[in-house]
Amino acid sequence: MSEFTRILTSIELGDPQAGAELLPLVYSELRKLAAAKIAREAPHQTLQATALVHEAWLRLSGEDSPRFANRAHFFAAAAEAMRRILIDSARRKRAERHGGGQQRVDLEDVQVAAPGNDEELLAVNEALDRLAAQNSTEAELVKLRYFVGLTLAEAAQALGISARTADNYWAHARAWLYREIKGQVS
């Protein structure tokens, strides 16, 4: 039995110390994944990778008794938590009380700054929800790749599917999401 599985079993049995043992075991990996995701965000992104990991951890461990079947299930839940945090952040920024809909003006150059990535992120999220209704495995693959930053091989392993199947799912999901998002914009 791996250390990870042993800790998950202890959590299920109600051991209060097990959660404290799990964080150090997965923290560096979660931090690396969050940093990769944040690096791909727009330059105006104010959320730090460490904050993203901590918020995801609070959401994962905040439930009364989180149950994870295995390592893949844990990281899928972490991917979902990070996705929701980034979506919530984008929605908050878009809110009118936070200047949503306003264009940023650089006073030195008197040029309008490029629009942020928040609209794209929200469009991907909405399309991803529709994809999940049709094919949950493809949607999970996209979450692991887009929101967590896993490679195709890492995502395939986390989902328990072959690399070839993951490649096929990835190709289909990208085409499907592109068509869905393009249809929203048009």
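In this text, all values refer to a predicted model and were calculated from it rather than measured experimentally.

(A) A look at the packing of aromatic side chains. Per the counting criterion, the structure on display carries two aromatic pairs. An angle of 85° between the planes, with centres 5.2 Å apart, marks the rings of F74 and F75 as edge-to-face. The two residues F74 and F75 agree in class, both being buried. Feature note: the residues W57, F74 and F75 constitute an aromatic cluster, connected by ring pairs. The lysine or arginine in question, R145, covers the ring of W170, its NZ or CZ lying 4.4 Å from the ring centre.

(B) Region of interest: the packing of helix 2 (residues 18-39) against helix 4 (residues 71-94). At their nearest, the axes of helix 2 and helix 4 sit 12 Å apart, and the two run at 45° to each other. What the angle tells us is that helix 2 and helix 4 run oblique. Remark: the crossing between helix 2 and helix 4 carries right-handed chirality. Listed contacts from helix 4 to L22, V26, E29, L30, L33, A34, K37 and I38 of helix 2 are R71, F74, F75, A78, M82 and L86. By residue class, the composition of the contact of helix 2 with helix 4 is eleven nonpolar, no polar and three charged.

(C) Inspection of the environment of R6 at higher detail. Topologically, R6 is positioned in helix 1 (residues 3-12). Overall, the relative accessible area of 32% leaves R6 in the partly exposed class.

What counts as what
- Residues numbered from 1 in each chain as written.
- Predicted model: local features only at pLDDT ≥ 70, side-chain atom pairs only at ≥ 80, totals over all residues.
- Heavy atoms only, no water.
- Phe/Tyr/Trp six-rings, centres within 6.5 Å; stacked < 30°, edge-to-face > 60°.
- Buried < 20%, exposed > 50% of the residue type's maximum accessible area, 1.4 Å probe, protein only.
- Lys NZ or Arg CZ within 6 Å of the ring centre and 35° of its normal.
- Axes fitted to C-alpha atoms, helices over the stretch in contact; angles between N-to-C directions.
- Helix = DSSP H or I, 4+ residues; strand = E, 2+ residues; numbered from the N terminus.
- Parallel < 35°, antiparallel > 145°, perpendicular 65-115°, else oblique.
- Left-handed = near helix turned anticlockwise from the far one by under 90°.
- Contact = heavy atoms within 4.5 Å.
- Nonpolar A, V, L, I, M, F, W, Y, C, P; charged D, E, K, R; others polar.

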